[in-house]
Amino acid sequence: MAVIGVAGSLAGQRLSGRLPQHRLQRIFSVCLILMAGFILYQSLPSLLPSMTL
């Protein structure tokens, strides 16, 4: 997990010099929404044990 974090940090640093700030914020917000959806999808079976997905 730490290796992925470091790699993401380095990639973000390189992108920050090449893309406008507004575009980076939009990309980051889309990534956060996708991650939240993925985590919610993984958590639903334990939250709703009577339903199967």
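Above: the structure in question.
The structure displayed is predicted, hence computed values, not measured ones.

Draft legend 1. Quick peek at the overall build of the protein. Secondary structure summary: the protein contains two helices and zero strands in total. In summary, the protein has a C-alpha radius of gyration of 16 Å against a globular reference of 10 Å for 53 residues, an excess of more than 25%. Taking the principal axes of the C-alpha coordinates as reference, the protein spans close to 50 × 25 × 10 Å. Burial analysis of the protein (53 residues in total) assigns 0% to the buried set. Looking at the protein as shown, the accessible area adds up to about 5,000 Å², and 70% of this sits on carbon and sulfur atoms.

Draft legend 2. Here's a closer look at a nonpolar patch on the surface. A contiguous nonpolar surface patch, about 300 Å² in accessible area, is contributed by Met-35, Phe-38 and Ile-39. Mapped onto the elements, Met-35 comes out in helix H2 (residues 21-47).

Calculation notes
- In this convention, every chain numbers its residues from 1, walking through the sequence in written order.
- For this predicted model, a pLDDT threshold of at least 70 governs which residues receive local features, and a threshold of 80 or more governs which side-chain atom pairs are given and counted, while totals over whole chains, interfaces and linings are taken from all residues.
- With hydrogens and water set aside, each side-chain value is computed from the structure's full complement of heavy atoms.
- A run of H or I in DSSP becomes a helix once it reaches four residues, and a run of E becomes a strand once it reaches two; helices and strands are each numbered from the N terminus.
- Radius of gyration means the value over C-alpha atoms here, while the globule rule gives 2.2 Å times the residue count to the 0.38 power.
- The buried label goes to any residue with under 20% of its type's maximum accessible area, the exposed label to any with over 50%, and the partly exposed label to all in between, with areas taken from a 1.4 Å probe on protein chains only.
- Throughout, the Shrake-Rupley method with a 1.4 Å probe supplies accessible areas, and for residues the shown protein chains are the sole cover considered.
- Only residues above 30% relative accessible area that lack a salt bridge enter a patch, with like-charged residues linked at up to 9 Å and the nonpolar side chains Val, Leu, Ile, Met, Phe, Trp and Tyr linked at up to 5 Å.
- Here a salt bridge means any side-chain nitrogen of Lys or Arg lying within 4 Å of a carboxyl oxygen belonging to Asp or Glu.

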